[in-house]
Amino acid sequence: FTLSRRELASSALVAGGLGVIALSEDAAASSTPAATPAQALGATLSLELLAVFAYRRVETHPGLRPLVTRVVSKYLLQEQQHVQALTDQLARRGGTPPSAPADGIAADAILSAHGGTVSFSALHSQRDCLKILQQVEEVVQGGYFLAVAQVADPAIVRTFAEIMANEAQHLMSLTGLLHPNGIDRAVPYAFVEG
C-alpha cells in the first residue's frame with residue numbers, strides 16, 4: 001500500500017489541522033489570554049496586508065528574473081485571497097478591517113515590530129527582494145501561530161490553519177529561489193513559533 005504524494009500531503013494537512021485544533025483547545029484551557037474572534041482576525045489581517053504590500057513592492061522591481069517575477073505575482077494573488085477570506089470573516093463578526101501600510105516606512109515599522117531586520121528602502125537586488133519576502137512570510141506564519149492559540153472558534157482556526165500552510169509553502173519556495181543549490185535550507189522548520 002503506497003500513498004501518492006497528493007494523498008500523503010492531504011493526510012499531513014488533515015493531521016496538521018487536527019493538531020492545530022488540539023493546540024487551540026489546549027491553549028484555551030491554559031493561561032493564554034483568549035482573543036475575541038474579531039481581534040484575532042484583525043491581527044492576522046494586518047499581517048496579510050503587510051504581505052500584500054511586500055509582494056506588490058517586490059513584483060515591480062526591475063532586478064527580478066522572469067521566473068521570480070512569475071512566482072511573486074502568483075503569491076501576490078494568493079495573499080490577496082487571504083485578505084479577502086479574513087475580511088469576509090471579520091465582517092461577519094462585525095469587525096472593522098485594519099488599514100494597509102501606506103508606504104515603505106509604515107511597512108518597515110510593522111515588520112520591525114515583529115522582529116524583521118530588512119527594510120523596504122533597501123531593495124537593491126533580487127536577493128534583497130527575496131530576503132524581505134522571507135521575513136514577511138516568517139512574520140505572517142508567526143502571527144497565525146499565536147492567533148490559533150488564542151481562538152476557540154473552529155471556523156476561524158480552520159481558516160488560519162489553511163492560510164498558515166499556504167504561507168509555509170511560500171516561505172519554502174522563496175528560500176529555494178534564494179538558495180537554489182541548498183535544498184536543506186528550503187525544507188520547512190519542524191516547529192513555527194510566533
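Here the structure is shown first, and the text comes after it.
The notes below deal with the structure included here. No experiment lies behind these values; they were computed from the predicted model shown.

**A word on the overall build of the chain**
- Check the secondary structure of the chain and you find seven helices and zero strands.
- Starting at the N terminus and ending at the C terminus, the chain contains elements arranged as α-α-α-α-α-α-α.
- In the chain, which comprises 194 residues, the proportion classed as buried is 41%.
- A sequence separation of at least 24 residues applies to 76% of the contacts in the chain between residues at least 6 apart.
- On the chain, roughly 10700 Å² of surface is accessible, and the fraction owed to carbon and sulfur atoms is 59%.

**Concerning the environment of alanine 100**
- Here alanine 100 is to be found in the loop between α3 (66-92) and α4 (104-113).
- When its relative accessible area of 45% is taken as the criterion, alanine 100 is described as partly exposed.
- Alanine 100 sits 47 residues away from phenylalanine 53 along the chain, and the two C-alpha atoms are 7.5 Å apart.

**Quick notes on the environment of glutamine 141**
- Relative to the helices and strands, glutamine 141 resides in helix α5 (residues 126-148).
- Between the C-alpha atom of glutamine 141 and that of methionine 164, which follows or precedes it by 23 residues, the distance is 5.8 Å.

Definitions and limits used
Residues numbered from 1 in each chain as written. Predicted model: local features only at pLDDT ≥ 70, side-chain atom pairs only at ≥ 80, totals over all residues. Heavy atoms only, no water. Helix = DSSP H or I, 4+ residues; strand = E, 2+ residues; numbered from the N terminus. Buried < 20%, exposed > 50% of the residue type's maximum accessible area, 1.4 Å probe, protein only. Contact = heavy atoms within 4.5 Å. Areas by Shrake-Rupley, 256 points an atom, 1.4 Å probe, with all protein chains shown as cover.

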